[in-house]
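# Coordinates in review
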Amino acid sequence: MGHWVVVVQASTRGYDDYSCNEVERFDDTPERARARLYEIACTHLPRRSLRQQRRDVFRTGDGDAYYVSIKGKVSTFAVTYRLAELVWSTDPGSGGSAIGS
């Protein structure tokens, strides 16, 4: 079982203001983590005030990332959702070394 985080990079089309934020952290198997990533890519709104009119979800790579185009009532958002597995931590509970090795 791995320690996972889903991060989102979002920008309004026409602006170069990309932000990167954590959407969710969880522990699960790689297969279930990828399934959770897909669910988030299909449902998560990068802004609370966004009134979604259309969403196109594209898988990139081996399924550890999705590019999503969200057309809102006023603007269109370009969003990338990525799945990342914790491989090292300075957390005292992890011993400050590689996780799972």
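Scroll up a little and you will see the structure.
Residues numbered from 1 in each chain as written. Predicted model: local features only at pLDDT ≥ 70, side-chain atom pairs only at ≥ 80, totals over all residues. Heavy atoms only, no water.

### Remarks on the side chain of Asp28
Secondary-structure assignment places Asp28 in strand 2 (residues 19-28). By relative accessible area, which is 16% here, Asp28 ends up buried. In contact with Asp28, not counting residues within four places along its chain, are Met1, Gly2, Trp4 and Ala33. (Helix = DSSP H or I, 4+ residues; strand = E, 2+ residues; numbered from the N terminus. Buried < 20%, exposed > 50% of the residue type's maximum accessible area, 1.4 Å probe, protein only. Contact = heavy atoms within 4.5 Å.)

### Focus: the environment of Asp56
Within the secondary structure layout, Asp56 lies in strand 3 (residues 52-60). Along the primary structure Asp56 and Lys71 are separated by 15 residues, whereas in three dimensions their C-alpha atoms are 8.7 Å apart. For Asp56, the residues in contact, after removing those within four places along its chain, are Tyr67, Val68 and Ser69. For Asp56, the side chain forms a polar contact with the side chain of Arg54, separated by 3.1 Å. (Polar contact = N/O pair within 3.5 Å; in protein donor to acceptor, adjacent residues only side chain to side chain.)

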